[in-house]
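# Understanding the architecture of this molecule
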Amino acid sequence: MFPKRLTDGYQAFLDGRFHNERKRYEALGELGQNPEILLIGCCDSRVSPEVIFDAGPGEMFVIRNVANLVPPYEGDAESSSYHGTSAAIEFAVNALNVKHIVVLGHASCGGVRAVFDDAEPLTKIDFVGKWMSQITPVADALPRTGDRTTDIQRLEWAVVEHSLRNLQTFPSIRRRVEAGQIELHGAYFGVATGLLFLRDPESGKFAPCQPEASGTAD
C-alpha cells in the first residue's frame, strides 16, 4: 500500500501550496523551467535544499547524491562509471544555462563519516563504498587534529572543496567561469543548529552566513 504519509502530504499540497501558486505551476508546465541556480547536495533526508533556502517550484535545479559529490569530468561517456550526476550537471549547464552552481555540504554526513572511520562495506557489492572512494585521497591528505568532531567537519568541508574543483574539470563549466557566465559557490549546513556556512572563494574558509536584515528598527 502506498504510504499514507505521502497521500496525506499530497492532499495538503493540493489544498495549500498548489492552490495558492496554481498560476505559477501552470506557467512552469506550459513554458518550462528556467532556474538560475544549480544546487548539488546530499541525499540525506535531513538536508532538503528547497526547505533550507525556502525555494519555490522552478527556482532551483537540484542534484542530490551521497555526500554531495561531483565526480571528475570523463570525456568518454560510454566508459564513465559515474554518469548520473554528470548528466544532470551537463543538462543544467548546457540546456538550462544556470548562472550559479552551489555545492551544499552538511554536518553529520554518514558517507563522509564512513570514509573517516574506514567503515566496513554495507553489502558485498557496496555501491556506497565505491562512490565514496572518490574522496579517499582527500581524507588521506587532510592532517588530523586528534579531535574527532573537528576532523570530521574539516573533511566535510574538504569534500565541498573537492566537488568544486571537479566542477572545473568540465570544459563547459570552466569556459563559463572564465567568461564570468557562471559562479561557483560552496556552502555547509548545520543540521542541529540550522546555521549555514559559506565558503570564501579567496581563502577557501567557511564562515557563518550573515543574512541582511529584512526590515529597519523603529
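These figures come from a predicted structure and were not determined experimentally. (Residues numbered from 1 in each chain as written. Predicted model: local features only at pLDDT ≥ 70, side-chain atom pairs only at ≥ 80, totals over all residues. Heavy atoms only, no water.)

### Brief notes about the overall build of the protein
Across its full length, the protein holds nine helices and six strands. Radius of gyration (C-alpha) of the protein: 19 Å, near the 17 Å computed for a compact globule of 218 residues. Within the protein, the fraction of its 218 residues that count as buried is 36%. Pairs at least 24 apart in sequence give 67% of the contacts found in the protein among residues at least 6 apart. Split by element, the accessible area of the protein, about 13500 Å² in all, is 53% carbon and sulfur. If the 21 positive side-chain charges of the protein are averaged to one point and the 29 negative ones to another, these points end up 2 Å apart. (Helix = DSSP H or I, 4+ residues; strand = E, 2+ residues; numbered from the N terminus. Rg over C-alpha atoms; globule rule 2.2 N^0.38 Å. Buried < 20%, exposed > 50% of the residue type's maximum accessible area, 1.4 Å probe, protein only. Contact = heavy atoms within 4.5 Å. Areas by Shrake-Rupley, 256 points an atom, 1.4 Å probe, with all protein chains shown as cover. Lys, Arg positive; Asp, Glu negative; His and termini not counted. Charge placed at Lys NZ, Arg CZ, Asp CG, Glu CD.)

### Some points on empty space enclosed by the protein
Summed over all chains, the structure comprises one cavity of 30 Å³ or more. Each pocket or cavity is described by its volume, and for the largest cavity that value is around 40 Å³. Forming the walls of the largest cavity are F116, A139, L142, P143, R144, D151 and L155. Taken together, the residues of the lining of the largest cavity break down into five nonpolar, no polar and two charged. (1 Å grid on protein atoms, 1.4 Å probe; cavity = no way out; pocket = protein on both sides within 12 Å on 5 of 7 lines; lining within 4 Å. Points joined across faces, edges and corners; volume = space filled by probe spheres on them. Nonpolar A, V, L, I, M, F, W, Y, C, P; charged D, E, K, R; others polar.)

### Quick word on the sheet that holds strand β4 (residues 183–189)
The six strands are arranged β2-β1-β3-β4-β5-β6 in an open sheet whose pairing can be described as mixed. Two strands bound the open sheet, and with one partner strand each, they are β2 (60–65) and β6 (206–208). Each adjacent strand pair in this sheet contributes to an overall mean axis angle of 25°, direction not counted. Of the strand pairs in this sheet, strand β1 (residues 37–42) and strand β3 (residues 100–106) are connected by five bridges, and their pairing is parallel. If you follow I37 over to β3, its bridge partner there is H100. Set on the sheet, helix α4 (residues 84–95) makes contact with β1, β2 and β3; between it and β2 the angle comes to about 170°. (Pairing = 2+ DSSP bridges. Axes fitted to C-alpha atoms, helices over the stretch in contact; angles between N-to-C directions.)

### Points about the packing of α4 against helix α9 (residues 171–178)
Where α4 meets α9, the closest approach of the two axes is 10 Å, and the angle between their N-to-C directions is 40°. Comparing their axes, α9 and α4 come out oblique. Note on packing geometry: the crossing formed by α4 with α9 is left-handed. Contacts between α4 and α9 involve I89, V93 and N94 from the first element and S172, I173 and R176 from the second. The residue inventory of the contact of α4 with α9, partitioned by class, reads three nonpolar, two polar and one charged. (Parallel < 35°, antiparallel > 145°, perpendicular 65-115°, else oblique. Left-handed = near helix turned anticlockwise from the far one by under 90°.)

### What about the pairing of β1?
Counting buried positions along β1 yields five of six residues, so the element is predominantly enclosed. With six bridges connecting them, β1 and β2 associate as parallel partners. Counted as the bridge partner of I37 is M60 from β2.

### Topic: the side chain of R199
Residue position: R199 is located in strand β5 (residues 196–199). According to the relative accessible area criterion, R199 is buried, its value standing at 17%. Only 2.6 Å separates the side chain of R199 from the side chain of E161, close enough to count as a polar contact. (Polar contact = N/O pair within 3.5 Å; in protein donor to acceptor, adjacent residues only side chain to side chain.)

### Some remarks on the UniProt feature "binding site: Zn(2+)" (unreviewed entry) in the protein
As annotated in UniProt, the feature "binding site: Zn(2+)" (unreviewed entry) corresponds to C42, D44, H106 and C109 in the numbering used here. Over a stretch of 68 residues, the named residues converge on one spot in the fold, their C-alpha atoms separated by at most 9.1 Å. Here D44 shows up in the loop between β1 and α3 (49–52). Look at D44 and you get buried, because its relative accessible area is 14%. Apart from residues lying up to four places away in sequence, D44 is in contact with R64, H106 and S108. Within the secondary structure layout, H106 lies in strand β3. Apart from residues lying up to four places away in sequence, H106 is in contact with C42, D44, R46, V47, N68, E156, Y188, F189 and V191. (UniProt positions renumbered as here; feature names shortened; annotations may be inferred.)

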